[in-house]
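Residue-level structure breakdown
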Amino acid sequence: MRILFTTWSASAHLYPMVPLAWACRAAGHEVLVAVPSHCVPAVGAAGLTAVPVAAEPPAAPLTTGGPGPRAPLRGWPADWPLRLGELGEERQRLLTSLVDRQVRIAEDMVPGLLDFARTWHPDLIVADGSTYAGTVVSQLLGVPLAAHLWGTAAVLRLEHGGPGGSPLPRYRELFERHGADPAHAPVGWLDPCPPMLRLPTSERRLPVRHVPYSGPGRLPAGLLGTPARPRVCVTWEAGAHPAGGPGGRLHPLLAAAGLLAADGVEVVLALGPAQRAALTRLPDGVGVTDASVAHLLLPTCVAVVHQGSGGTTMTAAAAGVPQLVVSPRPEQMLTGERLRAVGAGRHLPGGDLADDAEAAVRVRDTVLELLGGPVRDAAAALRDEIRSLPAPSRVAAGLPRLAASAVAGRAVRAGR
């Protein structure tokens, strides 16, 4: 079977798909990965074959316009994806802007992706859940589509956030411009999020075990040895450089790392190359390693502090490590709240820390709370649940049946 994977983003959305793509290759399927040109090196570094389908880089990521988040990024309900109609005008505008950004990316990707798919004739498209171009091409060519999530607790269908679940205007325009149906949906959602963390949904979830992949890396000497002191990892999502704040103050997470080190905790920052280069000041006693070895670092840690990205959340959960999420945006707020709800972590909304002179102390004190037995027990239960999910090899073996059932169902509907 020919399987065409596609995504728009290198680390946050490609990396969670890589183990399944490997498993599909190992099962004998032909696998290609269609991405914008800036993602091509990351695909190749993962040992997969890239198909560049857009020359333009993706639209700029959502920013908050300064060191502190804007008002719409504060005070979101813990289960906001289930209450979209109650969020108010400002928050609705923020979610609409996220959809509009993804539509702009899809507009760049659709022509190249469609041309290639017409030539290669895939039997199945596996698209990152926020890569709308995959949905358009699937509908136009009649190729079954499976959407792949990245660790979010909800199946986020923000593009259908209009009245009564109707498609938002820009999303509808994207499909209609190509003669496609905006109601087209995946046959299932490949979901690495463990059931304990999930919010309910009517969508068909296809569980797949999270297998950590953080890109190619090199194991630092001594990383796997038993640390002499309790070790805490502090990390931020790729592209974020919280090395400084207003007035030259250290970012709260970096300042908190210094406080923890002063308390006798071994603190290791897991950062990408650009992030490491941006660090002009490093608190005494705080070390740095490459984020690509996070899956090896985290099992040696007693806690991890991060922004709540799906990849870091799932990797820490798979290692059974208590987590503190300092969330900058709504999806990460959701992640932090779900971890708090199951007892495996704590959550500090970034907006609440923005103007707090004691932010670093709050972060330090919350990390120390994670060292208690109940949190460790809940994190271990979460780890065990992840281990019970079907491995990517098992999911890969079932993809031909999934594709065949989708084709058969379409034929039955057409016959009617």
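Residues numbered from 1 in each chain as written. Predicted model: local features only at pLDDT ≥ 70, side-chain atom pairs only at ≥ 80, totals over all residues. Heavy atoms only, no water.

**So, the sheet that holds strand β8 (residues 231-235)**
Worth spelling out the cut-off: Two strands pair under a simple rule: DSSP has to find at least two bridges between them. Labels follow the DSSP assignment, with helices taken as runs of H or I lasting at least four residues and strands as runs of E lasting at least two, numbered in each case from the N terminus. Axis lines are fitted through C-alpha atoms, for helices just across the contact stretch, and the angle between N-to-C directions can take any value from 0 to 180 degrees. The contact criterion used is simple: two residues touch if any of their non-hydrogen atoms lie within 4.5 Å.
Strand order in the open sheet formed by six strands is β10-β9-β8-β11-β12-β13, with parallel pairing between adjacent strands. Since the sheet does not close on itself, it has two edges, and those belong to β10 (286-290) and β13 (345-349), each with one partner. Each adjacent strand pair in this sheet contributes to an overall mean axis angle of 20°, direction not counted. Pairing between β8 and strand β11 (residues 303-306): three bridges, direction parallel. Each bridged residue has a counterpart across the sheet, and for Val234 the counterpart in β11 is Val305. Along the sheet, helix α7 (residues 252-262) makes contact with β8, β9 (266-271), β10, β11 and β12 (323-327), crossing β9 at roughly 150°. Relative to the sheet, helix α11 (residues 330-342) contacts β12 and β13, its axis offset from that of β12 by approximately 150°.

**A look at empty space enclosed by the protein**
Stated formally: Grid points spaced at 1 Å and placed over the protein atoms alone form the basis of the search, with a cavity being a set where a 1.4 Å probe fits but cannot get out and a pocket an open set showing protein on both sides within 12 Å along at least five of seven lines. Lining residues have an atom within 4 Å of a point. Grid points are joined across faces, edges and corners, and a volume is the space filled by probe spheres set on the points. When residues are grouped by polarity, Ala, Val, Leu, Ile, Met, Phe, Trp, Tyr, Cys and Pro land in nonpolar, Asp, Glu, Lys and Arg in charged, and all others, Gly among them, in polar.
Evaluated as defined, the whole model comprises three cavities of 30 Å³ or more. The calculated volume of the largest cavity comes to roughly 80 Å³. Lining of the largest cavity is provided by 13 residues; of these, Gly129, Thr135, Glu159, Pro186 and Trp189 occupy positions nearest its centre. For the lining of the largest cavity, the secondary-structure elements that each account for two or more residues are β4 (124-128), α5 (132-141) and β5 (145-148). Class assignment of the residues belonging to the lining of the largest cavity gives a composition of seven nonpolar, three polar and three charged. Within this model, the second largest cavity holds a volume of roughly 60 Å³. Lining the second largest cavity, in full, are Pro16, Pro19, Leu20, His148, Pro192, Val208, Arg209, His210, Val211 and Pro392. Taken together, the residues of the lining of the second largest cavity sort by class into seven nonpolar, two polar and one charged.

**With respect to the packing of aromatic side chains**
Let me state the cut-off plainly: Think of it this way: a Phe, Tyr or Trp ring, Trp meaning its six-membered ring, pairs with another when their centres are within 6.5 Å, and the plane angle makes it stacked under 30 degrees, edge-to-face over 60, tilted otherwise. Relative accessibility under 20% of the residue-type maximum defines a buried residue, over 50% an exposed one, and the middle range a partly exposed one, all with a 1.4 Å probe and only protein chains included.
Following the criterion strictly, the structure yields six aromatic pairs and no others. Judged by centre distance (5.0 Å) and plane angle (80°), the ring pair of Tyr15 and Tyr213 falls under edge-to-face. Separated by 198 residues along the polypeptide, Tyr15 in the loop between α1 (10-14) and α2 (18-26) and Tyr213 in the loop between β7 (205-207) and β8 bring together distant segments of the chain. Accessibility assignment for this pair places Tyr15 and Tyr213 in one class, buried. Ring centres of Trp76 and Trp80 lie 5.2 Å apart, and the angle between their planes is 75°; on these two criteria the pair is classed as edge-to-face. Per residue, the accessibility class of Trp76 equals that of Trp80, and both read buried. Each residue in the set Tyr15, Trp22 and Tyr213 is aromatic and connected to the rest through ring pairs, giving one cluster.

**Observations regarding helix α4 (residues 89-120)**
How we decide: Residue count minus one, scaled by 1.5 Å, sets the expected span of a helix.
When the terminal C-alpha atoms of α4 are compared, their 44 Å separation across 32 residues agrees well with the 46 Å that a helix rising 1.5 Å per residue should span. A positive phi of about 60° marks His121, the residue just after α4.

**Describing the UniProt feature "signal peptide" (unreviewed entry) in the protein**
Put simply, the rule reads: UniProt positions are given in the numbering used here, feature names are shortened, and annotations may be inferred rather than shown by experiment.
If you check UniProt for "signal peptide" (unreviewed entry), the listed places come out as residues 1-23 in our numbering. In residues 1-23, helix accounts for 48% and strand for 22%; the two terminal C-alpha atoms are 13 Å from one another.

**Details of the sheet that holds strand β3 (residues 50-54)**
Here we have seven strands laid out as an open sheet, ordered β3-β2-β1-β4-β5-β6-β7, and parallel in their pairing. If you trace the sheet from one side to the other, it starts and ends with β3 and β7, each paired once. Pairs of neighbouring strands in the sheet enclose a mean axial angle of 25°, with direction left out of account. Both strand β2 (residues 30-36) and β3 contribute to a ladder of four bridges, which runs parallel.

**Thoughts on α7**
The element α7 is extensively covered by neighbouring structure, given that eight of its 11 residues are classed as buried. For α7, the set of buried residues is Leu253, Leu254, Ala255, Ala256, Ala257, Gly258, Leu260 and Ala261. Next to the buried residues of α7 lie β8, β9, β10, β11, β12 and α13 (359-369). Positive phi shows up at Gly264, right after α7, with a value of about 95°.

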